[in-house]
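The lines below spell out each chain.
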Amino acid sequence: MKPESLAQEVAQRRTFAIISHPDAGKTTITEQMLLFGGVIRSAGTVKGKKSGNYATSDWMEIEKKRGISVTSSVMEFNYHDKHINILDTPGHEDFSEDTYRTLMAVDAAVMVIDSAKGIEAQTKKLFKVVKQRGIPIFTFMNKLDRDGREPLDLIGELEDLLQIEGCAMNWPMGSGKNLVGLYDLYHNQIELYHADQPQERFLPLDEQGHLPADHPLTHDSIYRQTLEEVGLIQAAGNPFDQAKIAQGEQTPVFFGSALTNFGVQTFLDEFIKMAPAPSAHQLVDGRQLAATDDQFSGFVFKIQANMNPKHRDRIAFVRIGSGEFEPGMDVTLQRTQKSLRLNNATEFMSDQRERVKKAVAGDIVGLYDTGNFQIGDTLYSGKTAIEYPALPQFTPELFMEVTAKNVMKQKSFHKGMQQLVQEGAVQLYRSYQTGDYILGAVGQLQFEVFKFRMQNEYNTEVIMKPIGSRIARWIDPEQLDPKMSSSRNLLVKDMADQPLFLFENQFAEHWFQEKYPQVKLTAKL
Ligand code: G4P
C-alpha cells in the first residue's frame, strides 16, 4: 500500500470497547451500531438470550448452555467513511482478565450507564483500567425511556465516583412516559423522541438556544424546565475541552435509550468524529512508532483455544499497531527472534469469521497458532526490531486449590495446566509450604471453563476446592519470613517464583500490616 493510502486507511479506523455493568445495555447498543453498519438486519442477533439463537461466536458448549460469551470477540463494520472495530468486553459471570486486557488494545472507550442506577461496581473497575491508559472515554446514559435519576445527579456522580469531568453534549427533555426528546447543546437543536415524519425529527434552535415562539412545544413545561437546566449547566458545568477529552480527563456525556433506538445514532455520529484514529505507540526502547509507519507491527492481547471444537486450534488476537497486515507475510516474533510466515489469519465479524483481505493499524487480526504465541508478544515485519511494552497483570480475586482426580493422569494434568495458564485464562500459584497448585482468576466462570477444558482437551478430571475470595499482595522476598504465614493468610509463589500472601479479607491484611509495619506489600494493580 502506498504511504498516502495507508495514512488514509489508518485515519478511518475507530477501535474501541464498551465498558459497563451487566444489564446497563451494552449488547443493545452494540446491536444498534451493527444495524447502522449493515452487519445485522435485526436486533436480537448478537445475544438471543430468550430466543435461543446464539451467535456463532459463542463457540463453546459451556457458553451455549449459559447463553453468554466466554471470551471477548471483535466486531467490525463500516459506517459512513469510518471503519469501526468494537472489541467486546465480557461482563456477566464471564468477567475475566481478558476483559481487562482487551482494554489495552483499544484507542477509546464508551461507558454505558443505566440512568436509573448510575455508576455500578463493574463499570468502576473497568473505568480504572481505561483511566490509567489515558485514552478518551465517551459516556452514554442509557434507558431514558424509563424514569431514572436526575441528569445533573448522574453527571455529578462521574466526578464524585470516577474523578472525571462530565461535559453534557445533549440533555434529556423529560424521561420515561414523559420523554419528549433530547436538547442537543452541541448542534443547537432538539431531537424529538416521537416525530410524525423523519424530516421532523430535528428542530433547529435560534441563537439563544430557543424554539421559535410559535412552536407548540414552547408551552410545554418540560421544554421550559429543560431550558432552565441547560442554562444552569452552560453557566456552571464543565466547558467542552478537547485536550482534556483526549487524555481521558473529561468525558462527553450523551443521553438516550438504546432499546428504542433513541439517541444512539446521534451518539455514534459524534463519537466517530471525536474519537481518535490509531496513533503512535511508545515502544520499550523509548521510540514512538507511528501507526502509519510502513513497517507492520502488532501485539498479542488475547489467546483463545479451540474456537472450533472440531479442530484443536488456538487463535492469537493481534492488535495491529503500525503498518499493514498481509496474509502470508513474514514476521519476527520479538520474544524468540523466530521468523514466522503468517499464512492463516482471520478477521472478525459479529457472527462470522472471514479470511483477512486487508488490515491496517487499529484493526485486529486473529492468527491461527500452534503454540508459538504468548500474551503480550510483539510481531513485526522488516529489519528494525520493535517491542511493545508488556501488558499489565491483573490481580485475581478468586482462588481455588486444584488437583488431578486420577493420580495416573499427572502428565496430562501438568500439560493442560501449563498450556491454559500460558493462555492467560487463569493464574497459577503454588503453596509455599506444600507446593500444591492454586489457581487464581478475576471471575468465577474462568474456573468452570478451566475445568471443562481440562476434561475435554486434556482428558483430565480435576478436583477444585474453593478457597474463596482473597486479597493478593506481593512481598519483597528479602523481607519474607515464612513464619509470617498464619491461618488468616496463605503464602504462595507466583509463576515467576515471587512470594505473595493471599489474605482472607481486608481485616487480615490490616492485622498483618500492624504486626509487620516494616513490610511493604504491593498489589499489581
Ligand atoms: P448488557 O449487555 O449491558 O448486559 O445489557 P443488555 O443490552 O443485554 O440489556 C439488559 C436489559 O436492559 C435488557 O432487558 C434490555 O432489553 C434492556 N435495555 C437495554 N437498553 C434499554 C433501554 O434503553 N431502555 C430500556 N427500558 N431497557 C433497555 P432484558 O429483558 O433483561 O433482556 P432480554 O432478556 O430481552 O435480552
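None of the values given here were measured: they were computed from a predicted structure.

### So, the overall build of the chain
So, point 1. Regarding its fold elements, the chain presents 12 helices and 31 strands.
So, point 2. Counting every position in the chain, which comprises 525 residues, the buried fraction comes to 44%.
So, point 3. The long-range fraction of contacts in the chain, counting pairs at least 24 apart against all pairs at least 6 apart in sequence, stands at 68%.

### Some details on the sheet that holds strand E9 (residues 189–192)
So, point 1. Ordered by their spatial adjacency, 4 strands build an open sheet running E7-E8-E9-E10, and the pairing between neighbours is antiparallel. Where the open sheet ends on each side, the last strands, each with one partner, are strand E7 (170–173) and strand E10 (202–204). Strand-to-strand twist in this sheet, taken as the mean axis angle between neighbours without regard to direction, amounts to 25°.
So, point 2. With respect to the sheet, helix H7 (residues 221–236) is in contact with E7 and strand E8 (181–184), its orientation differing from that of E7 by roughly 150°.

### Considerations on the sheet that holds strand E24 (residues 398–404)
So, point 1. Strand order in this open sheet of 8 strands is E27-E24-E26-E25-E29-E30-E28-E31, and the pairing throughout is antiparallel. With partners counted over all chains shown, the strands left at the sheet margins are strand E27 (462–469) and strand E31 (521–522), one partner each.
So, point 2. Of the strand pairs in this sheet, strand E25 (residues 427–431) and strand E29 (residues 489–493) are connected by 2 bridges, and their pairing is antiparallel. Pairing of Arg430 across the sheet is with Lys493, part of E29.

### A short note on the packing of helix H10 (residues 410–422) against helix H11 (residues 445–458)
So, point 1. Their axes nearest at 10 Å, the elements H10 and H11 cross at an angle of 125°. Regarding the angle of H10 to H11, the classification is oblique. The crossing of H10 and H11 is right-handed. Contacts between H10 and H11 involve Ser412, Lys415, Gly416 and Leu420 from the first element and Phe450, Arg453, Met454, Glu457 and Tyr458 from the second.
So, point 2. For the contact of H10 with H11, the class distribution of residues is 4 nonpolar, 2 polar and 3 charged.

### As for the site of the ligand
So, point 1. Around the ligand sit 17 residues in total, of which Gly25, Lys26, Thr27, Thr28 and Leu259 are the nearest.
So, point 2. The residue makeup of the shell around the ligand, split by class, is 4 nonpolar, 6 polar and 7 charged.

### Here we look at the pairing of E9
So, point 1. When E8 meets E9, the two strands line up antiparallel, connected through 4 bridges. Across the sheet, Asp184 pairs through a bridge with Gln189, a residue of E9.
So, point 2. Linkage of E8 to E9, two consecutive antiparallel strands, is achieved through a turn of 4 residues, within which Asn188 is found at a positive phi near 50°.
So, point 3. Pairing between E9 and E10: 3 bridges, direction antiparallel.

### Re the nonpolar core
So, point 1. Counting residues in each nonpolar core, the largest one holds 124 residues, and the members touching the most others are Ala109, Val318 and Leu439.
So, point 2. When sequence neighbours within four positions are dropped, the list of residues in contact with Val318 reads Gly298, Phe299, Val300, Ile364, Val365, Leu367 and Leu379.

### Regarding H11
So, point 1. For H11, spanning 14 residues, the distance from its first C-alpha to its last is 19 Å, which sits close to the expected 20 Å at 1.5 Å a residue.
So, point 2. If you check which residues of H11 are buried, you get Leu445, Gln446, Phe447, Val449, Phe450, Arg453, Met454 and Tyr458.
So, point 3. In the segment just after H11, Asn459 is the residue with positive phi, at about 55°.

### Looking at the pairing of E25
So, point 1. Pairing geometry for E25 and strand E26 (residues 437–441), over 4 bridges, is antiparallel. Each residue of the ladder has a partner; that of Tyr429, found in E26, is Ile438.
So, point 2. Counting the residues in the hairpin turn of E25 and E26 gives 5 residues, including Gly435, whose phi is positive at 80°.

### Section: the packing of helix H2 (residues 26–36) against helix H9 (residues 264–274)
So, point 1. The N-to-C vectors of H2 and H9 enclose an angle of 70°; their axes lie 10 Å apart at closest approach. Taken together, the axes of H2 and H9 lie roughly perpendicular to each other. Taken together, the residues of H9 that come into contact with H2 (itself represented by Ile29, Gln32, Met33 and Phe36) are Val264, Gln265 and Leu268.
So, point 2. When grouped by side-chain class, the residues that make up the contact of H2 with H9 number 5 nonpolar, 2 polar and no charged.

### Here we look at the environment of Phe296
So, point 1. In this fold, Phe296 is placed in the loop between strand E13 (288–289) and strand E14 (297–305).
So, point 2. The class for Phe296 is buried, based on 23 C-beta atoms found within 10 Å.
So, point 3. With 122 residues separating them in the primary sequence, Phe296 and Gln418 have C-alpha atoms 31 Å apart.
So, point 4. For Phe296, the contacting residues outside a window of four places in its chain are Ser322, Gly323, Glu324, Phe325, Met329, Val331, Tyr380 and Ser381.

Rules used in this analysis
Residues numbered from 1 in each chain as written. Predicted model: local features only at pLDDT ≥ 70, side-chain atom pairs only at ≥ 80, totals over all residues. Helix = DSSP H or I, 4+ residues; strand = E, 2+ residues; numbered from the N terminus. Buried ≥ 20, exposed ≤ 12 C-beta atoms within 10 Å, placed from the backbone. Contact = placed C-beta atoms within 7 Å. Pairing = 2+ DSSP bridges. Axes fitted to C-alpha atoms, helices over the stretch in contact; angles between N-to-C directions. Parallel < 35°, antiparallel > 145°, perpendicular 65-115°, else oblique. Left-handed = near helix turned anticlockwise from the far one by under 90°. Nonpolar A, V, L, I, M, F, W, Y, C, P; charged D, E, K, R; others polar. Near = placed C-beta within 6 Å. Core = buried A, V, L, I, M, F, W, Y, C linked by C-beta atoms within 7 Å. Expected span 1.5 Å × (residues − 1).

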